[in-house]
Amino acid sequence: MQKKFPSELRYDLVSQDWVLIATGRARRPETFGAEKRQEVKTGKTCPFDALAKQECATIAYNKGKRVDFSRGKVCIPSEWTTISVANKYPAFAPSKSLRKRYVGPYPVMDGVGFHEVIITKDHKKDIPQFSLMQVKEMIDLYHARYVDLKDEDHVHYISIFKNKGLQAGASIAHPHSQLIAIPMTDPDIQRSLSGSYAYFMEHKDCIHCMMLEWDRKDKKRIVFENSLYAVVCPFASRVSFEMRIYPKGHLPYFEKTDESQREGLAEALQMALKKLSKGLNDPDYNYFLHTAPVGGGSDYGHYHWHIEILPKTSVPAGFELGTGIEISTIEPEKAAAFLRKQ
Ligand SMILES: [Zn+2]
Ligand SMILES: [Zn+2]
């Protein structure tokens with residue numbers, strides 16, 4: 001019998017990166033959950049349980065319905081179950097003008113934009129423990145706030161993401177996610193866009209639809225499906241147990257999702273995170289939305305929005321940082337088989 005090769009380099013068609021799948025280590029999926037986790041240290045009072053001390057709310061939902069409150073009079077509405085507030089320590093801040101200038105040869109611009117924290121009421125319960133209605137409410141809020149901000153001056157990309165746990169960069173234990181609207185298109189989404197565009201120009205087809213069709217036929221990397229979404233471990237996973245949630249239909253713009261599409265997404269996101277939590281003993285993770293940029297009048301019809309979930313299963317070290325080649329210590333096919341049965 002031929003000796004199994006210790007690793008396999010896989011090519012990501014969209015980002016055009018190589019990743020290394022360390023097949024030879026033959027790590028069993030069960031071993032990932034056994035790792036010790038460091039928890040976010042919390043003081044006596046949780047800042048998100050005393051929201052009055054935070055910044056003002058920009059949008060709030062209560063039991064599935066958007067709360068009507070006039071900012072100025074009321075900073076934080078009295079009844080809410082999901083809320084977005086301006087970040088107390090924003091990375092980007094609103095401004096009417098965007099100053100661009102040079103420092104010697106170096107271009108510089110003001111960090112103009114929006115930075116908000118999206119908080120769900122319960123301090124202990126996170127997405128896997130939510131009712132489906134609560135997950136849908138959170139997604140409705142993401143969507144509504146996205147729509148509110150997309151036509152603001154100087155907003156070119158809106159990033160929605162969640163950091164869960166210390167290793168994923170969360171400094172507050174209370175379940176929350178974030179929204180950052182920025183004045184340019186970031187390099188990561190830019191590469192995803194140009195990879196999709198290059199394929200579209202050559203094949204007159206969407207690269208994500210093509211990959212999804214193959215993955216659904218192949219079945220090996222599918223974690224979960226409902227009528228509108230598929231959750232897959234990507235062929236060229238960058239980290240062990242990486243998952244992506246794709247709408248099955250070709251949809252470039254997240255902002256165009258309707259009520260039933262958001263409901264389907266709520267189910268798919270919750271299923272993915274439930275399986276991750278159960279299978280890997282509640283690991284830290286990041287997830288983020290990749291969607292077409294806003295403003296600028298460009299047509300991104302070739303793009304296909306999706307959510308990427310990256311569990312913190314290892315720490316990037318010298319090789320990854322020095323070469324940009326990520327190492328995944330489990331085959332995506334094995335990871336998907338394991339997550340499927342959770
Ligand atoms: Zn709290
Ligand atoms: Zn597509």
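Here the structure is a predicted model, which is why all the values come from computation and not from measurement. (Residues numbered from 1 in each chain as written. Chains lettered and ligands numbered in written order. Predicted model: local features only at pLDDT ≥ 70, side-chain atom pairs only at ≥ 80, totals over all residues. Heavy atoms only, no water.)

Attention shifts here to the UniProt feature "active site" (unreviewed entry) in the protein. Following the UniProt record, one finds the feature "active site" (unreviewed entry) at His176. As for its position among the elements, His176 is in strand S10 (residues 176-182). Using a relative accessible area of 9% as the deciding quantity, one classes His176 as buried. In this view, His176 contacts Phe48, Val117, Ile118, Ile119, Lys162, Asn163 and Ala170; residues no more than four positions away in its chain are not counted. (UniProt positions renumbered as here; feature names shortened; annotations may be inferred. Helix = DSSP H or I, 4+ residues; strand = E, 2+ residues; numbered from the N terminus. Buried < 20%, exposed > 50% of the residue type's maximum accessible area, 1.4 Å probe, protein only. Contact = heavy atoms within 4.5 Å.)

In this section: the domain arrangement of the protein. Split by domain assignment, the protein resolves into domain 1 (8-33 + 186-340) and domain 2 (49-182). Distance between the C-alpha centres of domain 1 and domain 2: 24 Å. Counting from both sides, the interface comprises 33 residues of domain 1 and, opposite them, 29 residues of domain 2. Buried area between domain 1 and domain 2, both sides added, is near 2700 Å², and the carbon and sulfur share of it is 60%. Together, Gln270, Tyr287 and Val294 form the three largest contributors to the area buried by domain 1 at its contact with domain 2, with a combined 23%. Summed over the shared surface of domain 1 and domain 2, the number is three salt bridges. Across the pair Arg262 and Asp140 runs a salt bridge whose closest N-O atoms are separated by 2.7 Å. Connecting domain 1 to domain 2 are 21 residue pairs in polar contact (both at pLDDT 80 or more). Listed by contribution, the elements that provide at least two residues to the side of domain 1 that touches domain 2 are helix H4 (259-279) and strand S14 (285-290). Counting residues per element, the side of domain 1 that touches domain 2 draws most heavily on H4, at eleven residues. By residue class, the composition of the side of domain 1 that touches domain 2 is 14 nonpolar, eight polar and eleven charged. (Domains from an automatic or database assignment. Buried area = accessible area lost by both parts, 1.4 Å probe. Salt bridge = Lys/Arg side-chain N within 4 Å of Asp/Glu carboxyl O. Polar contact = N/O pair within 3.5 Å; in protein donor to acceptor, adjacent residues only side chain to side chain. Nonpolar A, V, L, I, M, F, W, Y, C, P; charged D, E, K, R; others polar.)

So, about the nonpolar core. The biggest cluster of nonpolar side chains holds 49 residues, and the ones touching the most others in it are Ile158, Phe241, Met243, Ile245, Leu269, Tyr287 and Ile309. Two domains each provide a minimum of three residues to this core, namely domain 1 (8-33 + 186-340) and domain 2 (49-182). Residues contacting Leu269, with those up to four places away along its chain left out, are Ile127, Val135, Met138, Ile139, Ile245, Tyr287 and Ile309. Counting 14 residues, the second-largest nonpolar core is a separate cluster that includes Tyr157, Ile189, Leu193 and Tyr303. (Core = buried A, V, L, I, M, F, W, Y, C linked by side-chain atoms within 4.5 Å.)

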